[in-house]
Every structure is written in C-alpha cells, then in structure tokens.
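# Inside the fold
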Amino acid sequence: MTSQTDQSGAHRALNQLLQALVPNMAQQTSAMAEDPGARLSRCIELLKVQASEAASLVADCAPQGRPMLADAQHKLACLESLKLLETIVNGTNNRNH
C-alpha cells in the first residue's frame, strides 16, 4: 500500500464518519470532501453556532434548549476527536513523503 492510498483511505473514512455523525452538515460541506480537515473545521464551526443557539434557548428557559445543547455538545466532542485523528493522520503522511 502506498502512502497516497493510505491517505485516500483515511479521507474516505473521515468523510464516512462525518456523514454518520452529522449528516446534515456533511451534506452542506460535501464540496469539501477532498479536504477532510477543512471540512471537519467547517462542521465544528457550524456546531458551535448550534450550541450557542441552544444555550440561548436554555437561558430563555425554552424546554427544547437543554436536549439541543446536549446533542450539540456531544457531536462537537466527537468532531473534535475526529479532527485530532485527521491531524495525526496528515502529520504521519506528511512525514512519509
């Protein structure tokens, strides 16, 4: 297996996990599929906006705010973990060149 093949497989895996975790955001960022790092960063930005909106709902005592905030925080933690993995994979691939 070549380093290029490994990187391509890693990109596919990251994109697939992104699709499973946040399908709507994955759809919104599908044009960025060739750069999973940038795609993950964009999805993290979108999730932070959602978390902020949910926090506002919690502050306003809206009943849907807490579940929305918990969901956004959970997804954000997952995407940040994926971003860490993506950074490690790209760092490893860059050292192999």
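From a predicted model like this one, the values you see are computed outputs, not experimental measurements.

### Description of the overall build of the protein chain
Within the protein chain, the regular secondary structure consists of four helices and zero strands. Along the protein chain, helices and strands appear, N-terminal first, in the series α-α-α-α. Counting only C-alpha atoms and orienting by the principal axes, one finds that the protein chain spans roughly 55 × 20 × 15 Å. Burial analysis of the protein chain (97 residues in total) assigns 32% to the buried set. Carbon and sulfur atoms provide 56% of the accessible area of the protein chain, an area that totals close to 6,100 Å². Computing the positive centroid from 8 side-chain charges and the negative centroid from 9, the protein chain places the two 2 Å apart.

### Quick notes on unusual backbone geometry
Most peptide bonds take the trans form, and the phi angle of most residues other than glycine is negative. At Cys61, a position not held by glycine, the phi torsion is positive, near 65°. Along the chain, Cys61 falls in the loop between helix 3 (36-59) and helix 4 (65-96).

### Focus: a nonpolar patch on the surface
A surface patch of nonpolar side chains, about 290 Å² in accessible area, is lined by Leu84, Leu85 and Ile88. Looking at where Ile88 falls in the secondary structure, it is placed in helix 4. You can call Ile88 partly exposed: its relative accessible area is 48%.

### What to know about the packing of helix 1 (residues 3-21) against helix 3
Two numbers describe how helix 1 lies on helix 3: the axes approach to 10 Å, and their chain directions differ by 20°. Classified by the angle their axes make, helix 1 and helix 3 are roughly parallel. Seen from above, helix 1 lies across helix 3 with left-handed handedness. Between helix 1 and helix 3, the contacting residues are His11, Leu14, Asn15 and Leu18 on the first element and Pro36, Arg39, Leu40 and Cys43 on the second.

What counts as what
Residues numbered from 1 in each chain as written. Predicted model: local features only at pLDDT ≥ 70, side-chain atom pairs only at ≥ 80, totals over all residues. Heavy atoms only, no water. Helix = DSSP H or I, 4+ residues; strand = E, 2+ residues; numbered from the N terminus. Buried < 20%, exposed > 50% of the residue type's maximum accessible area, 1.4 Å probe, protein only. Areas by Shrake-Rupley, 256 points an atom, 1.4 Å probe, with all protein chains shown as cover. Lys, Arg positive; Asp, Glu negative; His and termini not counted. Charge placed at Lys NZ, Arg CZ, Asp CG, Glu CD. Patch = residues over 30% accessible without salt bridge, like charges linked within 9 Å, V, L, I, M, F, W, Y side chains within 5 Å. Salt bridge = Lys/Arg side-chain N within 4 Å of Asp/Glu carboxyl O. Axes fitted to C-alpha atoms, helices over the stretch in contact; angles between N-to-C directions. Parallel < 35°, antiparallel > 145°, perpendicular 65-115°, else oblique. Left-handed = near helix turned anticlockwise from the far one by under 90°. Contact = heavy atoms within 4.5 Å.

Remember that the coordinates give geometry; whether it matters functionally is a separate question.
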